[in-house]
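Each chain, written out:
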Amino acid sequence: MSGTQVRVLTALALGALGLFVIFALPRYAFVGFTALLALGLGYEWFRLSTTDLRLRWIALVIAAVLGAGLFLFLPGNWVPGVFALVVLGWAGLILGLWIHRRVAAPVRSSLVRTLLGILILPTFWFAVVMIHRQEQGSWLLLFGILIVAVADSLAYFAGRAWGKNKLAPALSPGKSIEGLVGGLVGVGILAAIGAALPLFQAVPSWQLAVWSMLVAIYSVAGDLEESRLKREAGVKDSGRILPGHGGLLDRLDGQLAAMPIWFLALVQMHLFVVA
């Protein structure tokens, strides 16, 4: 079987598993499954961020405790504010990625990379869980995931067809500006389709389009941040658990940045009810 065939089959299997988890699992099982997924992501992140085995496990425990603390103890009316801070934090990372897109930045210390993982991974998981627990949460979560998937897929094909100008050669030489534009066009079409669905009937179509574009842009930042992390660690893939795709981080890097801003988007579009 060719590498492309393996990649496609793995993607189909992951898609089927994702739909089952989102729509079929009871809420408590969804929380548990996604927590295990987040721990897997954390294992890969901290393996890339530090060679100190003890620090890896300490960081994973801290990230798990932080995620559990957010889920169990954070007052509902504080949740939007926390995610606003997370989105601002990612905006700072985006600025740094943009500044160093052509000339590689100095390698960050293992402590800095580890601290980033401790902050990024629990807030990603918390966003996923908070979105899913809404009345239409399964569909809202699926739409957010589709934004990232469409942006990534269309960027790949547009980049292959027309890509000439590198987006961030110091971070990910395969990405092009043309690919980014192609991905955003695809997301615009997805937003137009979404605007016609009952799920978003109360949301102005322009607002859904703007937030969808922002989610797509943040997903690119998540991808580039993971690329930077792998370059600093001197590896090609974050792991080998997914045939044809690499590790969990390689598959979900864009979602790490996208889910917090998608949560914030749902709050701003009045599709999230703060308990």
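A brief structural summary. On a predicted model such as this, the values are computed, not experimentally measured, just so you know.

Examining unusual backbone geometry
- Of note, H270 is a non-glycine position whose phi angle comes to about 60°, a positive value.
- Within the secondary structure, H270 sits in the segment after α9 (248–268).
- For H270, a relative accessible area of 71% puts it in the exposed group.

With respect to the environment of G222
- Within the secondary structure layout, G222 lies in helix α8 (residues 205–233).
- For G222, a relative accessible area of 3% translates into the label buried.
- The spatial distance from the C-alpha of G222 to the C-alpha of L256 is 6.0 Å, given a sequence separation of 34 residues.
- Among all residues touching G222, those that are not within four sequence positions of it are W90, D253, G254 and A257.

Brief notes about the packing of helix α5 (residues 110–132) against helix α6 (residues 137–162)
- Put simply, α5 and α6 touch, their axes get as near as 7 Å, and they point 135° apart. Compared by their axis directions, α5 and α6 come out oblique. Judged by residue contacts, V128, I131 and H132 of α5 engage G137, S138, L140 and L141 from α6.
- Along the lines of polarity and charge, the residues of the contact of α5 with α6 split into four nonpolar, three polar and no charged.

Considering the environment of I94
- Tracing the backbone shows I94 in helix α4 (residues 79–99).
- A sequence separation of 127 residues divides I94 from A221, and the C-alpha atoms of the two residues are 5.9 Å apart.
- Setting aside residues up to four positions removed in sequence, I94 forms contacts with Y218 and A221.

Re the pattern of salt bridges
- One pass over the full model with this rule turns up eight salt bridges.
- For E225, the salt bridge is made with R108, and the minimal N-O distance between the two is 2.9 Å. Separated by 117 residues along the polypeptide, E225 in helix α8 and R108 in the loop between α4 and α5 bring together distant segments of the chain.
- A residue is classified by how much of its surface remains accessible, and R108, at 13% relative accessible area, is buried.
- Each of R108, E225, R228 and E232 takes part in a single network of salt bridges with overlapping partners.

Some points on the pairing of strand β2 (residues 172–176)
- Pairing between strand β1 (residues 166–168) and β2: two bridges, direction antiparallel. Within the sheet, the bridge partner assigned to K166 lies in β2 and is S176.
- The hairpin turn running from β1 into β2, its antiparallel successor, is three residues long.

Observations regarding the packing of aromatic side chains
- Evaluation of the coordinates by the stated rule reveals 10 aromatic pairs.
- Pairwise contacts between aromatic rings join F83, F126, F263 and F272 into one cluster.
- Here the guanidinium or amino end of R101 rests over the ring plane of W98, the centre of that ring lying 3.7 Å away.

Calculation criteria
- Residues numbered from 1 in each chain as written.
- Predicted model: local features only at pLDDT ≥ 70, side-chain atom pairs only at ≥ 80, totals over all residues.
- Heavy atoms only, no water.
- Helix = DSSP H or I, 4+ residues; strand = E, 2+ residues; numbered from the N terminus.
- Buried < 20%, exposed > 50% of the residue type's maximum accessible area, 1.4 Å probe, protein only.
- Contact = heavy atoms within 4.5 Å.
- Axes fitted to C-alpha atoms, helices over the stretch in contact; angles between N-to-C directions.
- Parallel < 35°, antiparallel > 145°, perpendicular 65-115°, else oblique.
- Nonpolar A, V, L, I, M, F, W, Y, C, P; charged D, E, K, R; others polar.
- Salt bridge = Lys/Arg side-chain N within 4 Å of Asp/Glu carboxyl O.
- Pairing = 2+ DSSP bridges.
- Phe/Tyr/Trp six-rings, centres within 6.5 Å; stacked < 30°, edge-to-face > 60°.
- Lys NZ or Arg CZ within 6 Å of the ring centre and 35° of its normal.

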